[in-house]
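Next come the chains, spelled out residue by residue.
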There are 2 protein chains.
Amino acid sequence: MNKPIGIFDSGIGGLTVVKAVFKTLPEEQIVYFGDTARVPYGNKSTLTIKKFSYQIAQFLVSHDVKLIVVACNTVSATSLDWLTSHYLLPIIGVIEPAVEDAIKATRNNKIGVIGTRATIESNAYQNSILHKKPNAKVYSYPCPLLVPLAEEGWLDSPATKIILNDYLAPLKKKGIDTLILGCTHYPLLENTIREVMGKNVTLVNSADSVAKKVKAILHKNKTASDAKIKSPNKFYFSDIPRQFSTLTKNFLGVKIKYIKTTL
Amino acid sequence: MNKPIGIFDSGIGGLTVVKAVFKTLPEEQIVYFGDTARVPYGNKSTLTIKKFSYQIAQFLVSHDVKLIVVACNTVSATSLDWLTSHYLLPIIGVIEPAVEDAIKATRNNKIGVIGTRATIESNAYQNSILHKKPNAKVYSYPCPLLVPLAEEGWLDSPATKIILNDYLAPLKKKGIDTLILGCTHYPLLENTIREVMGKNVTLVNSADSVAKKVKAILHKNKTASDAKIKSPNKFYFSDIPRQFSTLTKNFLGVKIKYIKTTL
């Protein structure tokens, strides 16, 4: 089916998911929307997050997408069921795939979750883990400074290490063996997080497993691309913020060709 | 004249200006707007900052304000002249008052300015200082992590000190004797900034001087309040974010009574 896949995020963090989809499904066309004019969502109210994500879903639907990936943990955690109830097309969040990976990875059934305030307060990760594995112990902590640190490129500075030590100390104390990076920005800090948590803790980020899930759904619904020539990917942003090229390159790994501002 | 004063900011930082206006002009009614759904503005493009600030000015004008205070350095630095050209009523930014105070304070004519990326890239402080005092030397640096640190309450933690040392080192090296805190969030970090810069550097924040300027304009235009009973202040926000009560109390010092969400 020659329709694009829609992927959206509150900003540019979702480009880590786009990167994984590029790798797993190179033949599919992507329409991406990043809400850079209103980023970040992590401290906003659930009502406002729902309003914004509905506007974006409408925008993607107007581009005739066959499937939507919510490449934002905050939206996935607070608004996914609500959003899904408004549309007939498949809408995939980043939480279920990460939870499945974390359950596969854990040996002692102690799983940690870090994310924005909105994500952690929603209890979405905890509920999903306990639904699938009732005997698991889940420890969740909000880490609101990690997004600005990642965006500013303070990836392994002494200040970042102090802040991570502070945020992660309670998780180390609980003896978790698996940690879900519940925000699309956190993979940029993966090395420093690994250094603080130690080698025995498995870090889970959902980008790759989301891509695998998208592939499975397209296959099941028989909606995978059969185009002989792939249509160009399109990237929309509500603002072209300062540092845009550096940031997008950090997250996506390559330069974006087709960019438009909208909304 | 029994019309309110309109004050706006990208979020809650502008409440430091409201606090100063309360003190200087207790008889005036305030209508405040904080764009908490789209905060922060500091890394956004000038085009988007103009669009947002125009929407907010229109909102305040619809409340029949007699004067508008742009209690946001990023908007004042990037969009004040443009905004002023659209209205007949007086519009006051935070830059001129801070510059006047800094020029009064400096003895060696070396003035430092810190602010968001948008504020620093606009050169608004530098241009204004050099216009008033051509022999001054101005050194400006963006400090994008200070807003999230202040909002998260990391006011004097070791990580904040490391980040401030890093940001402020070049200013110390230049031998400035006056430092403009060019963002309404920075007064919360004043003690730590003073500790890093040393006692011999005067810190300038514009809240009090903006309030004095408002008083002078109301007097000059004969538009000061003559109401026997003061109308209640009104506070509008585009979102009630998480941590809202803690944050507003940190910035305003008192609890807000009349709050509505809008825009």
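Rules and cut-offs
Residues numbered from 1 in each chain as written. Chains lettered and ligands numbered in written order. Predicted model: local features only at pLDDT ≥ 70, side-chain atom pairs only at ≥ 80, totals over all residues. Heavy atoms only, no water. Pairing = 2+ DSSP bridges. Helix = DSSP H or I, 4+ residues; strand = E, 2+ residues; numbered from the N terminus. Axes fitted to C-alpha atoms, helices over the stretch in contact; angles between N-to-C directions. Parallel < 35°, antiparallel > 145°, perpendicular 65-115°, else oblique. Left-handed = near helix turned anticlockwise from the far one by under 90°. Contact = heavy atoms within 4.5 Å. Nonpolar A, V, L, I, M, F, W, Y, C, P; charged D, E, K, R; others polar. Domains from an automatic or database assignment. Buried area = accessible area lost by both parts, 1.4 Å probe. Salt bridge = Lys/Arg side-chain N within 4 Å of Asp/Glu carboxyl O. Polar contact = N/O pair within 3.5 Å; in protein donor to acceptor, adjacent residues only side chain to side chain. Least-squares fit on C-alpha atoms with pLDDT ≥ 70 in both. Phe/Tyr/Trp six-rings, centres within 6.5 Å; stacked < 30°, edge-to-face > 60°. Buried < 20%, exposed > 50% of the residue type's maximum accessible area, 1.4 Å probe, protein only. pLDDT = per-residue confidence, 0-100. Disulfide = S-S within 2.5 Å.

Draft legend 1. Inspection of the sheet that holds strand β9 (residues 234–237) of chain A at higher detail. All names here are of chain A. Read across the open sheet, the six strands follow the order β4-β3-β1-β2-β9-β10; overall the sheet is parallel. This sheet does not close on itself; its edge strands, each paired only once, are β4 (91–92) and β10 (259–261). Sheet topology places strand β3 (residues 67–70) next to β4; two bridges connect them, and they run parallel. Bridging from a neighbouring strand, V69 pairs with I92 of β4.

Draft legend 2. Looking closely at the packing of helix α4 (residues 95–105) of chain B against helix α6 (residues 124–132) of chain B. Residues and elements named next belong to chain B. Taken N-terminus to C-terminus, the directions of α4 and α6 make an angle of 50 degrees; their axes are 10 Å apart at the nearest point. Here α4 lies oblique to α6, going by the angle between them. Considering the relative orientation of α4 and α6, their crossing is right-handed. Only A124, Y125, S128, I129 and K132 of α6 make contact with α4, whose side of the interface consists of I95, E96, A98, V99, E100 and I103. Partitioned by chemical class, the residues of the contact of α4 with α6 number seven nonpolar, one polar and three charged.

Draft legend 3. The domain arrangement of chain A, seen in detail. Residues and elements named next belong to chain A. Under the domain assignment used here, chain A contains domain 1 (5–93 + 208–261) and domain 2 (95–205). For domain 1 and domain 2, the distance between their C-alpha centroids amounts to 22 Å. Of the roughly 1,700 Å² buried where domain 1 meets domain 2, counting both sides, 57% is carbon and sulfur surface. In terms of surface lost to domain 2, no three residues of domain 1 exceed N73, A77 and S209, which account for 29% of the buried area on that side. Inspection of the domain 1/domain 2 interface yields zero salt bridges. Our count for the contact surface shared by domain 1 and domain 2 stands at six residue pairs in polar contact (both at pLDDT 80 or more). At the level of secondary structure, the elements contributing two or more residues to the side of domain 1 that touches domain 2 comprise α1 (15–24), α3 (73–84), α10 (207–220) and α11 (244–252).

Draft legend 4. Expanded view of the interface of chain B and chain A. Each partner contributes to the interface: chain B provides 37 residues, whereas chain A provides 37 residues. Area buried by chain B at its contact with chain A is led by B:E152, B:W154 and B:R242, which between them contribute 26% of it. For the interface between chain B and chain A, the tally reads four salt bridges. Across the pair A:R242 and B:E121 runs a salt bridge whose closest N-O atoms are separated by 2.7 Å.

Draft legend 5. A look at the sheet that holds strand β5 (residues 110–115) of chain B. Residue and element names in this part refer to chain B. Taken together, the four strands give an open sheet; going across it, the order is β6-β5-β7-β8, and neighbouring strands pair in parallel fashion. One side of each edge strand has no neighbouring strand; the edge strands of this open sheet are β6 (137–142) and β8 (202–204). Taking each pair of neighbouring strands and ignoring which way they run, the sheet shows an average axis angle of 20 degrees. By the bridge criterion, three bridges tie strand β7 (residues 178–181) to β8 in an arrangement that is parallel. Paired with T178 across the two strands is T202, which belongs to β8. Lying over the sheet, α4 contacts β5, β7 and β8, oriented at roughly 165 degrees with respect to β7. Across the sheet, α6 touches β5, β6 and β7, and the angle it forms with β6 is around 170 degrees.

Draft legend 6. Expanded view of the relation of the copies chain B and chain A. Overlay of chain B on chain A (RMSD 0.0 Å): rotation 180 degrees, translation along the axis 0.0 Å. Both copies of the chain, as the preceding transformation shows, are related through a two-fold rotation axis.

Draft legend 7. Structural view of the packing of aromatic side chains. Counted by the stated rule, this structure contains 18 aromatic pairs over all chains. Geometrically, the ring pair formed by A:Y32 and A:F237 is tilted, given 5.8 Å between the ring centres and 50 degrees between the ring planes. Here A:Y32, found in strand β2 (residues 30–34), pairs with A:F237, found in strand β9; they are 205 residues apart in sequence, far enough to count as distant. Side by side, A:Y32 and A:F237 carry an identical accessibility label, which is buried. Ring centres of A:W154 and B:Y167 lie 5.8 Å apart, and the angle between their planes is 70 degrees; on these two criteria the pair is classed as edge-to-face. With A:W154 in the loop between α7 (146–151) and α8 (158–174) and B:Y167 in helix α8 (residues 158–174), this pair bridges two chains.

Draft legend 8. Spotlight on the side chain of B:S79. Relative to the elements of secondary structure, B:S79 occurs in helix α3 (residues 73–84). Setting aside anything within four residues of it in sequence, one finds B:S79 in contact with B:I49, B:K50 and B:S53.

Draft legend 9. Representation of the environment of A:A57 in the model. Residue and element names in this part refer to chain A. With respect to the element layout, A57 can be found in helix α2 (residues 46–61). For A57 and L83, which are 26 residues apart along the polypeptide, the C-alpha to C-alpha distance reads 8.2 Å. Setting aside anything within four residues of it in sequence, one finds A57 in contact with I68, L83 and Y87.

Draft legend 10. The confidence of the model for chain A, seen in detail. When pLDDT is averaged across chain A, the result is 95; 100% of the residues are at 70 or more. Interface predicted TM-score (ipTM) for the complex: 0.92; the corresponding pTM is 0.94.

Draft legend 11. Inspection of the state of the cysteines at higher detail. All names here are of chain B. The tally for this structure, following the rule as stated, stands at zero disulfides over all chains. C183 supplies the cysteine sulfur nearest to C72, a cysteine that is in no disulfide, at a spacing of 7.4 Å. Look at C183 and you get buried, because its relative accessible area is 7%.

Draft legend 12. Geometry of unusual backbone geometry. The peptide bond linking A:V39 to A:P40 adopts the cis configuration, its omega dihedral lying at -5 degrees. Topologically, A:P40 is positioned in the loop between β2 and α2. Positive phi, normally seen in glycine, also occurs at A:N123, with a value near 60 degrees. On the secondary structure map, A:N123 appears in the loop between α5 (117–122) and α6 (124–132). Unusually for a residue other than glycine, B:K222 sits at a positive phi of about 50 degrees. By the element assignment, B:K222 lies in the loop between α10 (207–220) and β9 (234–237). A relative accessible area of 72% places B:K222 in the exposed class.

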